[in-house]
Amino acid sequence: MSTTDRELRIGMVGYAFMGAAHSQAWRTVNRVFDLPARARMSLICGRDTGKVADAADRLGWDAYTTDWRDLINRDDIDVVDVCTPGDSHAEIALAALAAGKHVLCEKPLANTVAEARAMTAAAETARAAGVWSMCGFNYRRVPAVTMMRQLVADGRLGVIRHVRATYLQDWIVDPQFPLVWRLQKDKAGSGALGDIGAHIIDLTQFVTGQRITGVSAVTETFVKERPLPAGSSGLAATVDGNASPTGPVTVDDAAVFVARLDGGALATYEASRFATGRKNALRVEINGSLGSVVFDLERLNELEFYDATRPGVEQGFTRILVTEGEHPYMSAWWPPGHIIGYEHSFTHEMRDFIEAVATGVDPAPSFADALQVQLVLDAVTRSAEVNSSWTEVEPTLAAVAV
Ligand code: SOE
């Protein structure tokens, strides 16, 4: 393993789901990959003293603080890892870049295009001083997804005609599920669109090398009022002057859109939190003139590949088990066939971030790449608001059997 004594001292803000996933990756990355620097889990930050102290102990951080500005101002922190809800990404990342800290920021980059533009401009300025930044679209780092990109880049699919992407969850199907931060626009920026739609936007652009140039979209909020979480403050909607135990959902529950990509492909996207039975179901299919490839997160060690250049009698979708040593990232893990999981994508993300920062090259996806995703999110939201392309179906006069 690595013999380097060079350290990158990490300060992470946030300790919930993404904080835990990033902590696992920071703990593991130097034990698996030989890198020019070692990540030191120096400081974790969270607002609640008791909870962040517990997180420091449980997740393996040297120390903790409740003030992210303290974290940023310390001379013994080199990297700021932003794992907070989207409403604080810009403030924290801008301050960290100004303080000369490298930044890894969770997706989506920001809650608005304006914030994303400011973060991208600050990242451009910081880059000139050798300060690097990256946005954490982790699914790019699933070996099968990286291999998907290689198949397209190598021309194995020919001209890309279709992109078909869905990201489906069902954790808020119950109308009694409380009004958590992900369901509040001022905290999350958007709902399923920005949370999981951002992933399939980034992933499909990464795999095809094409960018989305236009969209036509519909969004829906199926459950418009939800119980307030226990201990909510400031959220209590009042009804006739009396505190109401519910509050308004201010984000989309589902977003569906068609898109054109700049290489000519036609694409469909669906991001929903109401796909009952689908827990974290991300699926992307790319159809080209010479073949097709399918990635399914529930079988993340595999790709389905259709090679239309094979003799007709041999044609059919084949299953590629992406666990060989020559597959992306896999030589660092186990022998062929010993599969990896969701959390490995974060370890690969930290691997690439550490190598880029330690060798002084731009990590990908950059804030500029993430800004492009933000621009697509914004276009989808604006399209859904006006949706001028929406054509009503003429109602029939008589009831018809459907
Ligand atoms: C939403 O529940 C979520 O946690 C996303 O925020 C993550 O980005 C995704 O990887 C899993 O689902």
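Bear in mind the structure is a predicted one, so any value in this text is a computation, not a measurement. Per chain, residue numbering runs from 1 following the sequence as it is written. Only residues with pLDDT of at least 70 get local features here, since the model is predicted, and only at 80 or more are side-chain atom pairs given and counted; chain-wide, interface and lining totals rely on the full set of residues. Only hydrogens and water are set aside when side-chain values are computed; all heavy atoms of the structure are taken into account.

## A short note on the site of the ligand
(1) Moving on: One heavy atom within 4 Å of a molecule or strand is enough for the residue carrying it to be called near that molecule or strand. In the neighbourhood of the ligand, the contacting residues comprise F17, K107, Y139, Y167, Q169, W171, R182, D195, H199, N280 and Y342.
(2) Moving on: Nitrogen and oxygen atoms within 3.5 Å of one another constitute a polar contact, given that in protein one can donate a hydrogen and the other can accept it, and given that sequence-neighbouring residues count only through two side-chain atoms. Within the side chain of K107, a nitrogen or oxygen atom sits 3.0 Å from an oxygen atom of the ligand.
(3) Moving on: The contact in question runs from an oxygen atom of the ligand to an N or O atom on the side chain of H199, over 2.8 Å.
(4) Moving on: Method for areas: the Shrake-Rupley scheme with a 1.4 Å probe, in which residue coverage is limited to the protein chains shown. Calculation on the ligand without its partners gives an accessible area of 310 Å², and the protein chains cover 92% of this total.
(5) Moving on: Under the scheme applied here, ten amino acids are nonpolar (Ala, Val, Leu, Ile, Met, Phe, Trp, Tyr, Cys and Pro), four are charged (Asp, Glu, Lys and Arg), and all others, including Gly, are polar. A per-class count over the shell around the ligand returns five nonpolar, three polar and three charged.
(6) Moving on: All the domain ranges listed were derived from an automatic or database domain assignment. The two domains that each donate at least three residues to the shell around the ligand are domain 1 (7–139) and domain 2 (143–299 + 301–340).

## Describing the packing of aromatic side chains
(1) Moving on: Here the aromatic set is Phe, Tyr and Trp, taking the six-membered ring for Trp, and pairing holds for ring centres within 6.5 Å; pairs whose planes are under 30 degrees apart are stacked, those over 60 apart are edge-to-face, and all others are tilted. Tallying each qualifying case throughout the model produces eleven aromatic pairs.
(2) Moving on: Taking the centre distance of 6.1 Å and the plane angle of 90° together, the rings of F33 and W333 count as edge-to-face. Of this pair, F33 sits in the loop between α1 (17–32) and β2 (38–45) while W333 sits in the loop between β18 (317–321) and α9 (342–359), and the two are 300 residues apart along the sequence.
(3) Moving on: Burial classes: relative accessible area under 20% of the type maximum marks a residue as buried, over 50% as exposed, and values in between as partly exposed (1.4 Å probe, protein chains only). W333 gets classed as buried once you look at its relative accessible area, which sits at 12%.
(4) Moving on: When the ring of F257 is compared with that of Y269, the centres are 4.8 Å apart and the planes differ by 10°; the resulting orientation is stacked. Residue F257 is located in strand β13 (residues 254–261), and its partner Y269 is located in strand β14 (residues 266–272); the two are separated by twelve residues in the primary sequence. Strands here mean DSSP runs of E at least two residues long; helices mean DSSP runs of H or I at least four residues long; both are numbered from the N terminus.

## Quick notes on the sheet that holds strand β17 (residues 302–307)
(1) Moving on: Spatially, eight strands are ordered β8-β13-β14-β7-β15-β16-β17-β18 in an open sheet, and the strand pairing comes out mixed. In the strand order of this sheet, the two ends are held by β8 (212–220) and β18, each with one partner. Strand-to-strand twist across the sheet, computed as the mean angle between neighbouring axes with direction ignored, equals 15°.
(2) Moving on: Two strands qualify as a pair provided DSSP detects at least 2 bridges between them. Where strand β7 (residues 160–168) lies against strand β15 (residues 281–288), eight bridges are found, and the strand directions are antiparallel. Paired with H162 across the strands is N287, a residue of β15.
(3) Moving on: Sitting on the sheet, helix α10 (residues 367–386) is in contact with β8 and β13, with an inclination near 50° to β8. Axis definition: a line fitted to C-alpha atoms, over the contacting stretch in the case of helices. Angles run 0 to 180 degrees between N-to-C directions. Should any heavy atoms of two residues lie within 4.5 Å, those residues are considered in contact.

## What about the UniProt feature "domain: Gfo/Idh/MocA-like oxidoreductase N-terminal" (unreviewed entry) in the chain?
(1) Moving on: UniProt positions are given in the numbering used here, feature names are shortened, and annotations may be inferred rather than shown by experiment. Residues given the UniProt feature "domain: Gfo/Idh/MocA-like oxidoreductase N-terminal" (unreviewed entry) here are residues 8–126.
(2) Moving on: Taken end to end, residues 8–126 is 48% helix and 22% strand, and its first and last C-alpha atoms sit 17 Å apart.

## Quick notes on the pattern of salt bridges
(1) Moving on: Within this document, salt bridges are pairs made up of a side-chain nitrogen of Lys or Arg and a carboxyl oxygen of Asp or Glu, the two lying within 4 Å of each other. Evaluation of the coordinates by the stated rule reveals 26 salt bridges.
(2) Moving on: Ionic pairing is found between K187 and D186, a salt bridge with its closest N-O pair at 3.8 Å.
(3) Moving on: Judged by its relative accessible area of 55%, D186 falls in the exposed class.
(4) Moving on: A salt bridge links R310 to E314, with the shortest nitrogen-to-oxygen separation between them at 2.3 Å.
(5) Moving on: Judged by its relative accessible area of 40%, R310 is partly exposed.
(6) Moving on: Judged by its relative accessible area of 43%, E314 falls in the partly exposed class.
(7) Moving on: Each member of the salt-bridge network shares a partner with another, and the members are K107, R182, D195 and R273.

## So, the sheet that holds strand β1 (residues 7–13)
Note: strands within a sheet are paired through backbone hydrogen bonds, in either parallel or antiparallel orientation.
(1) Moving on: As summarised here, the arrangement of the six strands in space is β3-β2-β1-β4-β5-β6, forming an open sheet in which the pairing is parallel. Each edge of the open sheet is held by one strand with a lone partner, namely β3 (63–65) and β6 (133–136). Taking the axes of each pair of neighbouring strands and ignoring which way they run, one obtains an average angle of 25° across the sheet.
(2) Moving on: Alignment of β1 against strand β4 (residues 79–82), held across four bridges, turns out to be parallel. Along β4, the bridge assignment pairs V13 with V82.

## Some details on the domain arrangement of the chain
(1) Moving on: You can read the domains of the chain as domain 1 (7–139) and domain 2 (143–299 + 301–340).
(2) Moving on: Domain 1 and domain 2 are separated by 24 Å when their C-alpha centres are compared.
(3) Moving on: Using a 1.4 Å probe, buried area is obtained as the accessible area two parts lose upon being combined, added over both of them. For the pairing of domain 1 and domain 2, the buried interface totals around 1,300 Å² over both sides, and the portion due to carbon and sulfur atoms is 66%.
(4) Moving on: Here domain 1 is connected to domain 2 by one salt bridge.
(5) Moving on: Residue D195 pairs with K107 through a salt bridge whose shortest N-O separation is 3.0 Å.
(6) Moving on: Seen at the junction of domain 1 and domain 2, the total is six residue pairs in polar contact (both at pLDDT 80 or more).

## Examining the environment of E304
(1) Moving on: With respect to the helices and strands, the residue E304 is situated in strand β17.
(2) Moving on: When the C-alpha atoms of E304 and K51 are compared, they prove to be 43 Å apart, with 253 residues separating the residues in sequence.
(3) Moving on: With sequence-adjacent residues up to four places away left out, E304 is seen in contact with S292, V293, V294, F317 and T318.

## Description of the state of the cysteines
As used in these notes, a disulfide is a covalent bond between sulfur atoms, one from each of two cysteines.
(1) Moving on: Any two cysteine sulfur atoms within 2.5 Å of one another count as a disulfide. Inspection of the entire model under this criterion finds zero disulfides.
(2) Moving on: Cysteine C45 is unpaired, with the sulfur of C83 as its nearest cysteine sulfur at 11 Å.
(3) Moving on: Using a relative accessible area of 2% as the deciding quantity, one classes C45 as buried.
(4) Moving on: Distance from the sulfur of C83, which forms no disulfide, to the nearest cysteine sulfur (C105) is 8.5 Å.

## So, helix α8 (residues 192–208)
(1) Moving on: Expected span, for any helix, means 1.5 Å times one less than how many residues it has. When the terminal C-alpha atoms of α8 are compared, their 23 Å separation across 17 residues agrees well with the 24 Å that a helix rising 1.5 Å per residue should span.
(2) Moving on: Note on bend: the value at a residue is the angle between axes fitted to the seven residues ending there and to the seven starting there. Where α8 bends most, at A198, the angle is about 35°.
(3) Moving on: Most of α8 sits out of view: 17 of its 17 residues are buried.
(4) Moving on: Once α8 ends, the next one or two residues include G209, with phi positive near 70°.

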